[in-house]
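Fold and geometry: a report
The primary structure of each chain is shown beneath.
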Amino acid sequence: MDAHLFVIFGGSGDLAKRKLLPALAGMVRHAGDVSCHVLGVGRTPMEESEYQDLAARSVAGLMGQPEAANWAKANVHYATTDEAGSGFEGLAERIVTIEQANSLPGNRVFYLAIPPKAFEGVVEGLGSVGLNSGPGWTRLVVEKPIGHDLASAVELNTNIHKVFDESQIYRIDHYLGKETVQNLLVFRFANHLFESTWNRDRIALVEITVAEDLGVEGRAGYYDQTGALRDMIQNHLTQLMTLIAMEPPVDFSADAIRDEKVKVLRSIQAIRRDDVVFGQYGPGAVDGESVPGYLEDPDVPVDSNTPTAVVMRLRLNSWRWQGVPFYLRTGKRFPERLTQIAVTYREPPVALFGIQHRDMLKPDVLRLELQPNEGFELYFDVKVPGNRLDIVSIPFHFSYDEAFGRIPEAYETLLADIVEGDQTLFVRADEVEAAWRLYQPILDDPPRSLPYGAGEWGPDEGDALLAHAESWFMPNSRVHRPHP
Ligand code: BG6
């Protein structure tokens with residue numbers, strides 16, 4: 001891993017404190033003796049030592065207090081926005097000073113951990129003083145949201161491309177950093193058993209659920225402008241769907257993989273109105289605790305139609321997936337936190353076991369649980385021992401925890417990839433735009449958000465949409481995990 005300077009715009013913000021600083025410290029620990037200096041850039045004026053204390057507190061859980069303090073003192077720096085905002089020249093000088101003092105070769109990451117409205121100003125500022133290229137490599141990292149619709153995403157990409165080349169740009173969708181999500185590629189393309197059945201001849205339907213038990217947690221101001229379609233579907237769930245549906249790439253290079261993902265997006269038919277259900281949670285109970293409804297949040301307008309849940313059916317117009325519905329479902333204040341992909345196989349062509357056994361026979365289901373209990377289960381039918389012919393569905397089971405123990409944090413993986421220059425897990429400009437293009441008609445004419453109680457799996461109409469799937473695995477659309 002090359003020695004580098006990691007510049008975080010929004011250096012004292014929540015993302016930096018909670019995710020980036022710990023991930024950088026974790027990365028350095030695992031990479032061995034790599035030289036990584038961090039320059040936090042923020043609006044809040046503070047002494048460098050104060051920022052070092054902040055950084056040390058962020059990483060103390062990882063490396064213990066004394067080591068964290070030493071790490072921060074030696075490697076962490078701070079510049080206020082004045083330096084960045086009122087003069088990128090000052091920032092450029094500061095960068096060179098830090099690099100010279102620490103014998104860094106001029107490799108730089110610029111991470112925009114700032115509100116989207118500030119992205120373009122910073123990018124322009126970096127370009128104005130020539131910080132878009134340097135003595136070593138230069139990379140720009142942009143956090144979601146990449147635009148709030150197709151037009152704004154195209155505009156943002158265009159403006160960034162005036163300053164940075166696509167090969168320098170790393171658009172983060174943190175779901176791609178999750179170990180279980182990366183494993184989808186290995187699972188599919190290293191195991192012939194699954195890949196050879198991964199098509200419309202064998203698979204009846206695919207269901208992708210990202211359920212959260214939390215509500216909007218003090219982010220209502222942001223969330224009400226965003227809603228579940230923009231916040232979760234356009235990025236995280238769509239990314240999962242493309243990894244499940246993509247063709248094998250010609251090789252494992254970033255662009256070969258991303259080409260295949262874009263092709264999936266382009267193959268999706270225009271979304272029909274009756275294939276989308278929006279929901280919004282009302283008061284209810286999650287985990288036995290009463291919680292208020294979305295509209296009761298003081299930062300939410302009383303007549304807000306913003307969806308906190310979305311259920312939709314996608315139809316892919318492709319050789320492999322023609323006629324196989326892909327159901328996407330996400331929501332806040334669902335009964336539990338669960339991200340899963342359930343792939344339901346077709347039933348055998350002939351019912352050999354007679355009418356009385358029909359209800360006992362279940363199609364095979366592959367359930368990939370991406371979080372919180374990372375692993376997968378493959379359900380198949382077996383005969384219950386005894387004289388009678390009773391049949392139950394039993395899972396083969398694999399758990400990351402049992403097999404490997406700790407899984408690295410998504411951000412640690414992503415930051416290491418940025419420093420290594422591997423763009424595979426980052427979203428390309430055309431991919432972001434293709435995803436917005438798909439959902440733009442719904443954004444232009446959104447359906448009414450239908451009520452569901454906090455602690456439920458979304459509105460009844462979403463259940464009805466999922467019930468079309470006629471999958472034993474999700475009766476009435478409930479996430480149903482049979483325990484034989
Ligand atoms: C973020 C969304 O991108 O992802 C949040 O803005 C959501 O609303 C979060 O809670 C979910 O991420 P994770 O990793 O907790 O599943």
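Residues numbered from 1 in each chain as written. Predicted model: local features only at pLDDT ≥ 70, side-chain atom pairs only at ≥ 80, totals over all residues. Heavy atoms only, no water.

**A closer look at the sheet that holds strand 1 (residues 4–9)**
- The six strands lie next to each other as 3-2-1-4-5-6, forming an open sheet whose pairing is parallel. If you trace the sheet from one side to the other, it starts and ends with strand 3 (76–80) and strand 6 (169–172), each paired once. For this sheet, the mean angle separating the axes of adjacent strands, direction not counted, is 20°.
- Across four bridges, the pairing between strand 5 (residues 138–143) and strand 6 is parallel. Bridge pairing in strand 6 links Val-142 to Arg-171. (Pairing = 2+ DSSP bridges. Helix = DSSP H or I, 4+ residues; strand = E, 2+ residues; numbered from the N terminus. Axes fitted to C-alpha atoms, helices over the stretch in contact; angles between N-to-C directions.)

**Quick word on the environment of Thr-226**
- In this fold, Thr-226 is placed in the loop between helix 10 (220–224) and helix 11 (227–245).
- Spatially, the C-alpha atoms of Thr-226 and Glu-99 are 39 Å apart, while their sequence positions differ by 127 residues.
- Within the structure, Thr-226 has its side chain in polar contact with the backbone oxygen of Tyr-222 (distance 2.7 Å). (Polar contact = N/O pair within 3.5 Å; in protein donor to acceptor, adjacent residues only side chain to side chain.)

**What about helix 1 (residues 14–31)?**
- Taking 1.5 Å of rise per residue, the 18 residues of helix 1 would be expected to cover 26 Å, and the 25 Å separating its terminal C-alpha atoms lies within 8% of that figure.
- The sharpest bend along helix 1 reaches about 35° and sits at Leu-20, with the proline Pro-22 one to four residues further on.
- Listed in full, the buried residues belonging to helix 1 are Ala-16, Leu-20, Leu-21, Pro-22, Ala-23, Leu-24, Ala-25, Gly-26, Met-27 and Val-28.
- A positive phi of about 90° marks Gly-32, the residue just after helix 1. (Expected span 1.5 Å × (residues − 1). Bend = angle between axes of the 7 residues up to and from the residue. Buried < 20%, exposed > 50% of the residue type's maximum accessible area, 1.4 Å probe, protein only.)

**A look at the site of the ligand**
- Contacts to the ligand come from Lys-144, His-174, Tyr-175, Lys-178, Glu-212, Arg-219, Asp-231, Met-232, His-236, Lys-332, Arg-337 and Gln-371.
- Within the side chain of His-174, an N or O atom sits 2.8 Å from an oxygen atom of the ligand.
- Here an oxygen atom of the ligand and a side-chain polar atom of Lys-178 are 2.6 Å apart.
- In isolation the ligand offers 400 Å² of accessible surface; the protein chains occlude 79% of this area. (Near = heavy atom within 4 Å. Areas by Shrake-Rupley, 256 points an atom, 1.4 Å probe, with all protein chains shown as cover.)

**Some details on the packing of aromatic side chains**
- A full pass over the atoms with the stated rule returns 18 aromatic pairs.
- Plain terms: the ring middles of Phe-187 and Phe-376 are 5.0 Å apart, the flat faces sit at 70° to each other, and that makes the pair edge-to-face. Here the residue Phe-187 occupies a position in helix 8 (residues 179–189), and Phe-376 occupies one in strand 15 (residues 375–383), the gap between them amounting to 189 residues.
- Judged by relative accessible area, which is 5%, Phe-187 ranks as buried.
- Taking 6.4 Å as the distance between ring centres and 65° as the angle between the ring planes, the aromatic pair formed by Tyr-281 and Tyr-452 counts as edge-to-face. Of this pair, Tyr-281 sits in strand 8 (residues 276–282) while Tyr-452 sits in strand 17 (residues 449–453), and the two are 171 residues apart along the sequence. For the pair Tyr-281 and Tyr-452, one class covers both residues: buried.
- The ring of Trp-137 has Arg-139 lying over it, and the distance from NZ or CZ to the ring centre is 3.8 Å.
- Sitting above the plane of the Tyr-175 ring, Lys-178 keeps its charged end 4.6 Å from the centroid. (Phe/Tyr/Trp six-rings, centres within 6.5 Å; stacked < 30°, edge-to-face > 60°. Lys NZ or Arg CZ within 6 Å of the ring centre and 35° of its normal.)

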